[in-house]
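These are the residues of each chain, in order.
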Amino acid sequence: MGHWWYRNIVEPGKLPLLLALVSFVLTFLVTRAVTRLIRAGRGPFRNITPGGVHVHHVVPGVVLMVVGGFIALAGGRRGFGAGVAAVLFGMGVGLVLDEFALILHLDDVYWTEEGTKSVEIVILTFALVSLILGGFLPFGVNEIGPGEVTDRFTVVRTVAVNFLFALVALTKGKGRIAVIGVFVPFVALFGAIRLARPNSPWARRFYRTRAKARARARVRAYRHDRRWSALRRKVEHVIGGAPSR
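Residues numbered from 1 in each chain as written. Predicted model: local features only at pLDDT ≥ 70, side-chain atom pairs only at ≥ 80, totals over all residues. Heavy atoms only, no water.

Draft legend 1. Local environment of the nonpolar core. I9, L18, L21, F24, F28, V93, L97, V122 and L133 form the largest nonpolar core, which has 9 residues in total. Looking at this core, the elements that each hand over two or more residues are α2 (15–40), α4 (80–98) and α6 (116–134). In terms of residues, this core owes the most to one element, α2, which gives 4 residues. Judged by nonpolar contacts, the second largest core, of 6 residues, contains A196, A203, Y207 and A217. (Core = buried A, V, L, I, M, F, W, Y, C linked by side-chain atoms within 4.5 Å. Buried < 20%, exposed > 50% of the residue type's maximum accessible area, 1.4 Å probe, protein only. Helix = DSSP H or I, 4+ residues; strand = E, 2+ residues; numbered from the N terminus.)

What follows is the structure in structure tokens.
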């Protein structure tokens, strides 16, 4: 285990990325726990309102991202400074993305249905960064035999082809399938060959003169949303808290 850790995480310089990912996830989870306690009126936590202005936690998040980013630029990819920069940056990203919906709507929609977009973007970010971290590419790894080099590049080639399928699924308006498909090849292929959602870039480009395809896309999207939207909302509400009615 120690040899694997050194060759695939430490030697390629991926330790800061791992630290950033862990601090990002922990910050998001702690922040959601604190905000839910504040909402319920429990515990010692309260909203920060100096001078009657509600300071959202996206503000310290931006500060942490700026500080961590500049420390990372000033230093290297290794050493104590790189680790500190990664932790600060990850914490900042966790605070900022937890209020992504507020930035998107320019309104305090944290506890509304629109606020669940923050949970979605956090999940997508976690999945993509995990993919980068888990892609044990040979770059930066020394003393690799010819057989291992071939195996690693085979994995890279497979991931690249699958990523193209994921991009097609994304243009078809299937963001969640695209992200899952980056990890699971057949999911990306399934999303790439299925009908696009009616308002997706793919539908606007290729279904513009195909009335039957547009109609089928609307019917399929309606049936899909009716079947799965409730379950998706339940998962998001468990993670981020149920919105106010």
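Still more ground to cover, so stick around.
Draft legend 2. View of the environment of P60. Here P60 lies in helix α3 (residues 58–74). Given a relative accessible area of 37%, P60 falls into the partly exposed group. Counting along the chain gives 32 residues from P60 to G92, while the straight-line C-alpha distance between them is 7.2 Å.

Draft legend 3. Broad picture of the pattern of salt bridges. What the rule picks out here adds up to 1 salt bridge. Salt-bridge contacts for D98 lead to R32; the nearest nitrogen and oxygen are separated by 2.6 Å. One end of the pair, D98, is in helix α4; the other, R32, is in helix α2, with 66 residues separating them in the sequence. With respect to burial, D98 and R32 carry one shared label: buried. (Salt bridge = Lys/Arg side-chain N within 4 Å of Asp/Glu carboxyl O.)

Draft legend 4. Representation of the packing of aromatic side chains in the model. Considering all chains together, one arrives at 2 aromatic pairs under this definition. Ring centres of Y110 and W111 lie 4.9 Å apart, and the angle between their planes is 85°; this geometry places the pair in the edge-to-face category. Cation over ring: R32 sits above W111, and NZ or CZ is 5.9 Å from the ring centre. Sitting over the ring of W202, K172 keeps its end group 4.8 Å from the ring centre. (Phe/Tyr/Trp six-rings, centres within 6.5 Å; stacked < 30°, edge-to-face > 60°. Lys NZ or Arg CZ within 6 Å of the ring centre and 35° of its normal.)

Draft legend 5. Expanded view of a positive patch on the surface. On the surface, a cluster of positive charge is made up of R194, R210, R216, R220, R223, R226 and R227. Among the secondary structure elements, R216 is positioned in helix α11 (residues 211–240). Exposure remark for R216: the relative accessible area of 48% places this residue in the partly exposed category. (Patch = residues over 30% accessible without salt bridge, like charges linked within 9 Å, V, L, I, M, F, W, Y side chains within 5 Å. Areas by Shrake-Rupley, 256 points an atom, 1.4 Å probe, with all protein chains shown as cover. Lys, Arg positive; Asp, Glu negative; His and termini not counted. Charge placed at Lys NZ, Arg CZ, Asp CG, Glu CD.)

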